[in-house]
Amino acid sequence: MTEGALERIAAALERLAPPPPPPTDWIAHPAYVWEGKQARAVPVLEALPLDALHGIDAQKAALRGLCARLASGAAAHDALLWGARGMGKSALVRACVADVQRETQNLALVQLAPGTLPTFPALIAELAEVKRAFLLFIDDLGFGAEARAEMLALRSLLEGGIAPRPAHIRLLVTANRRSIIEREDTSAALHERDERDDALALADRFGLTLGFHPADKDTYLAILEGYTAPLGLAFDAEEAMAFAIQRGNRSGRTALQFATELAGRAGIRL
């Protein structure tokens, strides 16, 4: 085959190949999803107002303060939000970032898609030279046996190694409390203890740790009141409690679901 024929084949293959994706504009958007090799921009960060989150006032103040410090260039911790399901961990992350973004655009939220933790160093390298603060978000991290490799990798990344993360990049992780304290039902006591120690060792590497606990009756009803009062909706406490019992928990998520039910009955938007 002649050299000219090879060049024509190479040119044809190049035309058939998809063009490389454009580089991510890490300044233009409030949030991103890291998909392993590139990021997908999120033009609008959907978040509740901080005032709409009830029953977690201390957690709101602490996380909002961390986000503000990171955005300002001050020293900030990595953070672990652990606790009962439905109590607003992920919602609080979005709400705090969005609230800070009303004052400054020098902070972006970057959520890591499931399975992308091995590409974490590549993301850090891409963000290292960007003149903006980034909060990297891992939602619902598991701590059980099936997630042990991911947990150990994350612990190693938090330790820094020879390529520490720049000060404008911090990590935020949410986890279910059950996953943190759960022990496998196994006779291998040493293996069980090692897994528990690994989880605790990872938790120790976060400078800010915030717990979210199941809501008692009064807190649940107060959360529900926070959703319904601005809409002029009244509710029956006994019906609200029955709704929670049917779903097996009293939480902010359950309160929002019941408020949605009431709003739907009234023909209004929540």
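Calculation notes
- Residues numbered from 1 in each chain as written.
- Predicted model: local features only at pLDDT ≥ 70, side-chain atom pairs only at ≥ 80, totals over all residues.
- Heavy atoms only, no water.
- Helix = DSSP H or I, 4+ residues; strand = E, 2+ residues; numbered from the N terminus.
- Buried < 20%, exposed > 50% of the residue type's maximum accessible area, 1.4 Å probe, protein only.
- Areas by Shrake-Rupley, 256 points an atom, 1.4 Å probe, with all protein chains shown as cover.
- Core = buried A, V, L, I, M, F, W, Y, C linked by side-chain atoms within 4.5 Å.
- Contact = heavy atoms within 4.5 Å.
- Axes fitted to C-alpha atoms, helices over the stretch in contact; angles between N-to-C directions.
- Parallel < 35°, antiparallel > 145°, perpendicular 65-115°, else oblique.
- Nonpolar A, V, L, I, M, F, W, Y, C, P; charged D, E, K, R; others polar.
- Expected span 1.5 Å × (residues − 1).

Novice: I keep staring at the overall build of the protein chain and nothing clicks. Help me out?
Specialist: When you go through the protein chain residue by residue, the secondary structure sums to 10 helices and seven strands. Every one of the 270 residues in the protein chain was classed for burial, and the buried ones make up 44%. In the form shown here, the protein chain has an accessible surface area of approximately 14700 Å², with 54% of it arising from carbon and sulfur atoms.

Novice: Explanation requested: the nonpolar core in the structure shown.
Specialist: A general feature of soluble globular proteins is that nonpolar side chains tend to end up buried together. Formed by 51 residues in total, the largest nonpolar core has its most connected members in Leu 63, Leu 107, Leu 135 and Tyr 220. The biggest single contributor to this core is helix H3 (residues 89–101), with eight residues. Aside from chain neighbours lying at most four places away, what touches Leu 63 is Leu 81, Leu 92, Val 93, Cys 96, Leu 172 and Leu 210. Membership of the second largest hydrophobic core comes to 27 residues, among which are Tyr 32, Phe 120, Leu 136 and Leu 171.

Novice: Quick question: what am I supposed to make of the side chain of Lys 60 here?
Specialist: Along the chain, Lys 60 falls in helix H2 (residues 57–72). Using a relative accessible area of 13% as the deciding quantity, one classes Lys 60 as buried. Not counting residues up to four positions away in its chain, the partners in contact with Lys 60 are Leu 50, Asp 51, Leu 53, Leu 92 and Cys 96.

Novice: Would you mind showing me how to read the packing of helix H8 (residues 217–228) against helix H9 (residues 237–247) here?
Specialist: Axes are the key here: two packed helices are described by the angle between their axes and the distance separating the axes. Running from N to C, H8 and H9 cross one another at 105 degrees; their axes reach a closest spacing of 11 Å. Put simply, H8 runs roughly perpendicular to H9. Here Lys 217, Tyr 220, Leu 221 and Leu 224 of H8 come into contact with H9, specifically with Ala 237, Ala 240, Met 241, Phe 243 and Ala 244. Counted by class, the contact of H8 with H9 contains eight nonpolar, no polar and one charged residues.

Novice: Teacher, can you tell me more about H8 here?
Specialist: Since one α-helical turn is 3.6 residues long, residues separated by three or four positions face the same way. An ideal rise of 1.5 Å per residue puts 16 Å on 12 residues; H8 measures up with 16 Å between its terminal C-alpha atoms. Burial in H8 covers these residues: Tyr 220, Leu 221, Ile 223, Leu 224, Gly 226, Tyr 227 and Thr 228. Summarising the contacts, the buried residues of H8 are in contact with H9 and helix H10 (252–266).

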